[in-house]
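Each chain is listed here by its residues.
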Amino acid sequence: MSDIDNEDRARNRNDDATHDIYAENGSVRADFLALVGAAIADRDVLFLRQHVVRLHESELGHLLEAIQPDQRMALIRLLGADFDLTALTEVDEAIRLEIVEQMPNAQIAAAIGELDSDDAVYILEDLNKEDQEEILAQLPFTERVRLRRALDYPEQSAGRRMQTEFVAVPPFWTIGQTIDYMREEEELPESFTQIFVIDPTFKLLGIVDLDRILRTKRLVRIESIMRETNYPIPAEMDQEDAAQIFEQYDLLSAAVVDDNGRLVGVLTIDDVVDVIQEEAEEDFMRLVGVGDEELSDSLIDTSRSRVPWLMVNLVTAFMAASVIGLFEGTIQEIVALAVLMPIVAGMGGNAGSQTMTVTVRALATRNLDIHNAWRVIRREAGVGLINGLFFGIVVGVVSGFWFEDANLGFVISAAMIINMFAAAVAGIAIPMVLDRTGADPAVSSAVFVTAITDIAGFFSFLGLATWWLLR
């Protein structure tokens, strides 16, 4: 193909590309993906720099997820130093690992140096130790020390999420000195809303909001306008607990301190929003037993992650089946029971899932504890009883007319009441017991609640049928 043809195609791509890359449904526009794919194939660096480099890091992350796997590294190579490594914090873990494993460590080190420390740690923590050390060795000493210290904190802790860039001044400085320092110092954070006050050992003494500084005369000392911070975040605190402090006290940022109360970083609301979203997604995924699965995971990895809880579910299914086997003779005599059994078990399962979901979320947000547990248990048990009575009457009437047998309607009505009550109690009791024993209720609750509702439903229905209909 001639250079003239390539130039014409490039000109047409530039004419077709627009600033909005999203379709109405929120996905990346198919025509934009086609233009980017064609530019990658033609090695049209000019188009990519004009229409891809300008993208926000989140938009670039969505683009990387949307294009074909073989196009990702080609795009990154074509962009070279213009590729914003921050975009890798916006993609699935599997895609991020795939990309960083193929990027030269020298390129990663050069890009890491331009990132905020929290984004740099987010990318480095997925690499093996050897690659981490090779990349860190190429960074300036101060930045290397900061990143190593952050990486030493536990995964999913505030120390891993914090930024090590912050503004800290001694208490004896004046407002004028502080303002001059912020004007002259080149290595300040890109954005900040608070200044931290520290002693010579870096122990946190207090904070000053920027608006307070702007309203105060230059000769006033910092210590006279600083306020104590009542919510410093321990560096080893779990990120979910830190997010709850932000939510409870409506914080925009918070100091992160070590075991000795020394300031080591700052946690900001943008990172906390990410934590809240990640934890909510994680809890939702674990409720159905799929763990940390990503859409980009391979076929084998996806299958492997789902097998363990499916196996547990299979065991509980056999337990429920064994209950049915106890009443084989009853089912043979009254075939209608086989038709109606799924209704009892299904309604109980749904009722239990509703209560379990509410309970797991309440435990995660610390809204359910020992002080209000019995009140909530009584409420859920009452809800189960009321709903059981309502649906028991509905199902009993329908079943009685359907099979022209009032006794059968009475049996399924009673079984429905028993099972929905049991489902409500199990839906709240099981997550609470698991939480008290240190297990994650989001991971384990669903299988056990389903097992109890199935067993209680089958046993109550078939047991009542045997006692009432075959007496």
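Everything below is about the structure shown above.
By convention here, each chain's residues receive numbers from 1 onward along its written sequence. Reporting in this predicted model follows two pLDDT cut-offs: at least 70 for local features of residues, and 80 or more for side-chain atom pairs to be given and counted; totals over whole chains, interfaces and linings ignore these cut-offs and use all residues. Hydrogens and water are ignored here; the side-chain numbers use all heavy atoms of the structure.

Student: Before we go on, may I ask you to explain the overall build of the protein in this structure?
Tutor: The secondary structure listing takes helices from DSSP runs of H or I that are at least 4 residues long and strands from runs of E that are at least 2 residues long, numbered from the N terminus. Counting its regular elements, the protein contains 21 helices and 6 strands. Radius of gyration (C-alpha) of the protein: 30 Å, far over the 23 Å computed for a compact globule of 471 residues. Projecting the C-alpha coordinates of the protein onto the three principal axes gives extents of approximately 95 × 70 × 40 Å. Exposure classes here rest on a 1.4 Å probe applied to the protein chains alone. A residue is buried below 20% of its type maximum, exposed above 50%, and partly exposed in between. For the protein, buried positions account for 45% of its 471 residues. The accessible surface values rely on the Shrake-Rupley method and a 1.4 Å probe; as for residues, cover is taken only from the protein chains in view. On the protein, roughly 25100 Å² of surface is accessible, and the fraction owed to carbon and sulfur atoms is 56%. Across the protein, the 36 positively charged side chains and the 77 negatively charged ones have centroids separated by 6 Å. We take the radius of gyration over the C-alpha atoms and set the globule estimate at 2.2 Å times the residue count to the 0.38 power. When charges are tallied, Lys and Arg are placed among the positive residues and Asp and Glu among the negative ones, while His and the ends of the chain are skipped. Every charge is mapped to an atom, namely NZ of Lys, CZ of Arg, CG of Asp or CD of Glu.

Student: It is not clear to me how the sheet that holds strand E1 (residues 168-169) should be interpreted in this structure. Could you clarify?
Tutor: Pairing between sheet strands relies on hydrogen bonds along the backbone, with the strands arranged either parallel or antiparallel. Should DSSP find at least two bridges between two strands, the strands are taken to pair. Pairing within the open sheet is mixed, and its 3 strands lie in the order E1-E2-E3. In the strand order of this sheet, the two ends are held by E1 and strand E3 (204-209), each with one partner.

Student: Whenever I open this one, the packing of helix H7 (residues 105-112) against helix H9 (residues 129-136) confuses me. Can you help?
Tutor: The packing of two helices is summarised by the inter-axis angle and the distance between the axes. For the pair H7 and H9, the least separation of the axes is 9 Å and the interaxial angle reads 55°. Looking at the two axes, H7 sits oblique to H9. The two elements H7 and H9 meet at a crossing, and its hand is right-handed. Counting all contacts with H7, which are made through Asn 105, Ile 108, Ala 109 and Ile 112, the residues of H9 involved are Asp 131, Glu 134 and Ile 135. Only C-alpha atoms enter the line fits that serve as axes; for helices the fit covers just the stretch in contact. Angles between N-to-C directions range over 0 to 180 degrees. Angle categories: roughly parallel below 35 degrees, roughly antiparallel above 145, roughly perpendicular from 65 to 115, and oblique for all the rest. What makes a crossing left-handed is the near helix being turned counterclockwise from the far one by less than a right angle; a clockwise turn instead makes it right-handed. We call two residues in contact whenever any of their non-hydrogen atoms come within 4.5 Å of each other.

Student: What should I look at first to understand the nonpolar core in this one?
Tutor: When a protein is soluble and globular, its nonpolar side chains tend to lie buried together. Grouped together as the largest cluster of nonpolar side chains are 45 residues, with contacts concentrated most on Leu 48, Val 52, Leu 63, Leu 64, Leu 75, Leu 85 and Ile 112. If we skip the residues at most four places from it in the chain, Leu 64 touches Arg 72, Leu 75, Phe 83, Ala 87, Leu 88, Val 91 and Ile 99. Only buried residues count toward a nonpolar core, which is a set of Ala, Val, Leu, Ile, Met, Phe, Trp, Tyr and Cys residues joined through side-chain atoms within 4.5 Å.

Student: Help me understand the sheet that holds strand E6 (residues 263-268), please; the structure alone is not making it clear to me.
Tutor: With mixed pairing, the 3 strands of this open sheet are ordered in space as E4-E5-E6. Among the strands making up the open sheet, the edge pair consists of strand E4 (233-234) and E6. As paired elements, E4 and strand E5 (residues 253-257) share 2 bridges and run parallel to each other. Note that in E5 the partner of Pro 234 across the bridge is Val 257. Seen against the sheet, helix H14 (residues 239-249) touches E4, E5 and E6 and runs at an angle of roughly 65° to E6.

Student: Mind showing me how you'd approach the packing of helix H18 (residues 336-364) against helix H19 (residues 373-403) here?
Tutor: Where H18 meets H19, the axes come as close as 12 Å, and the angle between the chain directions of the two elements is 160°. Judged by the inter-axis angle, H18 sits roughly antiparallel to H19. H18 and H19 meet at a crossing whose hand is right-handed. Side by side, H18 and H19 meet where Ala 336, Val 339, Leu 340, Ile 343, Met 347 and Thr 355 of the first sit next to Glu 380, Phe 391, Val 395, Ser 399, Trp 402 and Phe 403 of the second. Three classes are used: nonpolar for Ala, Val, Leu, Ile, Met, Phe, Trp, Tyr, Cys and Pro, charged for Asp, Glu, Lys and Arg, and polar for all others, with Gly counted as polar. Looking at side-chain class alone, the contact of H18 with H19 contains 9 nonpolar, 2 polar and 1 charged residues.

Student: Before we go on, may I ask you to explain the environment of Trp 468 in this structure?
Tutor: Looking at the element boundaries, Trp 468 is found in helix H21 (residues 441-469). Look at Trp 468 and you get partly exposed, because its relative accessible area is 23%. For the pair Trp 468 and Phe 410, spaced 58 residues apart in sequence, the C-alpha separation works out to 9.3 Å. Leave out the neighbours within four places in its chain, and Trp 468 touches Asn 407, Phe 410 and Val 411. By the criterion applied in these results, polar contacts are pairs of N or O atoms within 3.5 Å in which, for protein atoms, one can donate a hydrogen and the other can accept it, and in which residues neighboring in sequence qualify only through two side-chain atoms. One polar contact links Trp 468 to Asn 407, side chain to side chain, over a distance of 3.2 Å.

Student: Whenever I open this one, the layout of surface pockets confuses me. Can you help?
Tutor: Summary: where empty space remains is shown by rolling a probe the size of a single water molecule over the atoms. Using a 1 Å grid laid over the protein atoms alone, points where a 1.4 Å probe fits but cannot get out form a cavity; open sets with protein on both sides within 12 Å along at least 5 of 7 lines form a pocket; any residue with an atom within 4 Å of a point counts as lining. Grid points are joined across faces, edges and corners, and a volume is the space filled by probe spheres set on the points. Size it by volume and the second largest pocket reaches roughly 700 Å³. Every residue lining the second largest pocket is counted, 25 residues in all, and those nearest its centre are Thr 142, Arg 146, Thr 164, Glu 165 and Glu 187. Elements represented by at least two residues in the lining of the second largest pocket include exactly helix H10 (141-152) and E6. Among the elements that line the lining of the second largest pocket, the one with the most residues is H10, at 6 residues. Split by residue class, the lining of the second largest pocket holds 12 nonpolar, 4 polar and 9 charged.

Student: Looking at this structure, how should I read unusual backbone geometry?
Tutor: Note: most residues except glycine have negative phi, and most peptide bonds are trans. The residue Gln 156 is not glycine, and still its phi comes out positive at about 60°. For Gln 156, the position within the fold is in the loop between H10 and helix H11 (158-161). Its identity as a non-glycine residue notwithstanding, Glu 404 has a phi of 50°, on the positive side. Within the secondary structure, Glu 404 sits in the loop between H19 and helix H20 (406-436). Assessed through its relative accessible area of 75%, Glu 404 is described here as exposed.

Student: For this particular structure, what's the right way to read the side chain of Glu 59?
Tutor: The topology assignment puts Glu 59 in helix H4 (residues 57-66). Just to be clear on terms, a salt bridge is a Lys or Arg side-chain nitrogen sitting within 4 Å of an Asp or Glu carboxyl oxygen. For the buried Glu 59, no salt bridge is present, and the opposite-charge side chain at shortest range is Arg 54, 5.1 Å distant. Filtering out sequence-adjacent residues up to four positions away, Glu 59 remains in contact with Ile 21 and Tyr 22.

Student: Is there a simple way to explain a nonpolar patch on the surface in this structure?
Tutor: Among the surface-exposed residues, Val 307, Met 311, Leu 314 and Phe 318 lie close enough to one another that they form a single nonpolar patch of about 400 Å² accessible area. Residue placement: Phe 318 occurs in helix H16 (residues 299-326). The patches described consist of residues with a relative accessible area above 30% and no salt bridge, like charges being joined within 9 Å and nonpolar side chains (Val, Leu, Ile, Met, Phe, Trp, Tyr) within 5 Å.

Student: How should I be thinking about the packing of aromatic side chains in this particular structure?
Tutor: Describing an aromatic ring pair means giving the distance of the ring centres and the angle of the ring planes. Working definition: a ring pair exists when centres of Phe, Tyr or Trp rings (six-membered ring for Trp) sit within 6.5 Å. Plane angles under 30 degrees give stacked, over 60 give edge-to-face, the rest tilted. Evaluated as defined, the whole model comprises 8 aromatic pairs. Taking the centre distance of 5.6 Å and the plane angle of 70° together, the rings of Trp 173 and Tyr 181 count as edge-to-face. Consider the rings of Phe 390 and Phe 391, whose centres lie 5.0 Å apart with planes at 85°: the pair is edge-to-face. Residue Phe 391 is classed as partly exposed on the basis of its relative accessible area of 30%.

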